[in-house]
Amino acid sequence: MTSRLGRNIASRRRFWGQARRYARRLVGERDSAARIARGVSAGFLATAFPIPGMQIPLSLFFAWIGRGNKAVSIIPQFLSNAVTMLPQAMMQFKIGAWLWPGPAAHHESAAKALRGMAADWDWRALADSIISVFPALGKLGLDILGPLALGVVVTGLAAALASYPPALIGVWTWRAW
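Treat the numbers as computed from the prediction; the structure is a model and nothing was measured.

Q: Describe in detail the side chain of serine 59, supporting the description with residues and values.
A: Tracing the backbone through its elements, the reader meets serine 59 in helix α3 (residues 55–65). A distance of 2.8 Å separates the side chain of serine 59 from the backbone oxygen of isoleucine 56, its partner in a polar contact. Beyond its immediate sequence surroundings of up to four residues, serine 59 is in contact with Ala42, Gly43, Ala46, Ser73, Ile74 and Gln77.

Okay, here's the thing in structure tokens:
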């Protein structure tokens, strides 16, 4: 009984050791903790953009601009999905409308316009859907697009700034372990 328990513990330790080595190789063990944390922040900044299909290229671009780890910048994209994008966009519109200096559209008209854009999205024709998003954004008008863009920038920067310290501390803890 004890030898079987000992083998089980040894196999778990071996598994976690291998998983740790693989994760370190993936993250880039030679990268500094600050570079990895900048990659996480770039990923959270890109997650704020409610445009499906564009978040991963945006996260790679922001990681490149911020000199962050590009592999790590993709990880936050898995927190945002098609189900959460419409509520996220509505929250961003409300934040942007609150901060917008000019007149903003009423919440119901913005919700109707955003729902219409979401209804036109087709996952089977992803390239066509991505191409059709930009003209649809142009048709929203400044009363909707202005507050939405401001809300996207504000929430994206807030998420990026909020994610940097925990990511930095997490990398330090991971490496000390």
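Q: Lay out the nonpolar core in plain terms, naming residues and giving numbers.
A: Counting residues in hydrophobic clusters, the biggest one holds 13 residues, and the most contacted among them are Phe93, Leu114, Leu137, Ile144 and Leu148. When contributions to this core are tallied by element, the ones reaching two or more residues are α5 (82–99), α6 (107–120), α7 (126–139) and α8 (142–176). Among the nonpolar cores identified, the runner-up in size contains eight residues, and Ala33, Val40, Ala167 and Leu168 belong to it.

Q: Tell me what's going on with unusual backbone geometry, and back it up with residues and numbers.
A: Of note in this structure, arginine 67 is not a glycine but carries a positive phi near 55°. Topologically, arginine 67 is positioned in the loop between α3 and α4 (70–73).

Q: Give a detailed account of helix α2 (residues 33–47), specifying residues and quantitative values.
A: Look at α2: 21 Å from first C-alpha to last across 15 residues, which is about the 21 Å you get at 1.5 Å a residue. Burial analysis of α2 places eleven of its 15 residues in the buried class, the great majority of the element. Burial in α2 covers these residues: Ala33, Ile36, Ala37, Gly39, Val40, Ser41, Ala42, Gly43, Leu45, Ala46 and Thr47.

Reading guide: rules and limits
- Think of each chain on its own: its residues are numbered from 1, step by step along the sequence as written.
- For this predicted model, a pLDDT threshold of at least 70 governs which residues receive local features, and a threshold of 80 or more governs which side-chain atom pairs are given and counted, while totals over whole chains, interfaces and linings are taken from all residues.
- As a rule here, side-chain values cover all heavy atoms of the structure and leave hydrogens and water aside.
- Counting from the N terminus, the helices are the DSSP runs of H or I reaching at least four residues and the strands are the DSSP runs of E reaching at least two.
- The term polar contact refers here to a pair of N or O atoms within 3.5 Å; inside protein, the definition further demands a hydrogen-donor-capable atom paired with an acceptor-capable atom, and it admits residues adjacent in sequence only when both atoms are side-chain atoms.
- Pairs of residues are marked as contacts when any of their non-hydrogen atoms sit within 4.5 Å.
- In these notes, a set of buried Ala, Val, Leu, Ile, Met, Phe, Trp, Tyr and Cys residues joined through side-chain atoms within 4.5 Å is what counts as a nonpolar core.
- For the exposure calls, accessible area comes from a 1.4 Å probe over protein chains only, and a residue counts as buried if that area is under 20% of its type's maximum, exposed if over 50%, partly exposed in between.
- Multiplying one less than the number of residues by 1.5 Å gives the expected span of a helix.

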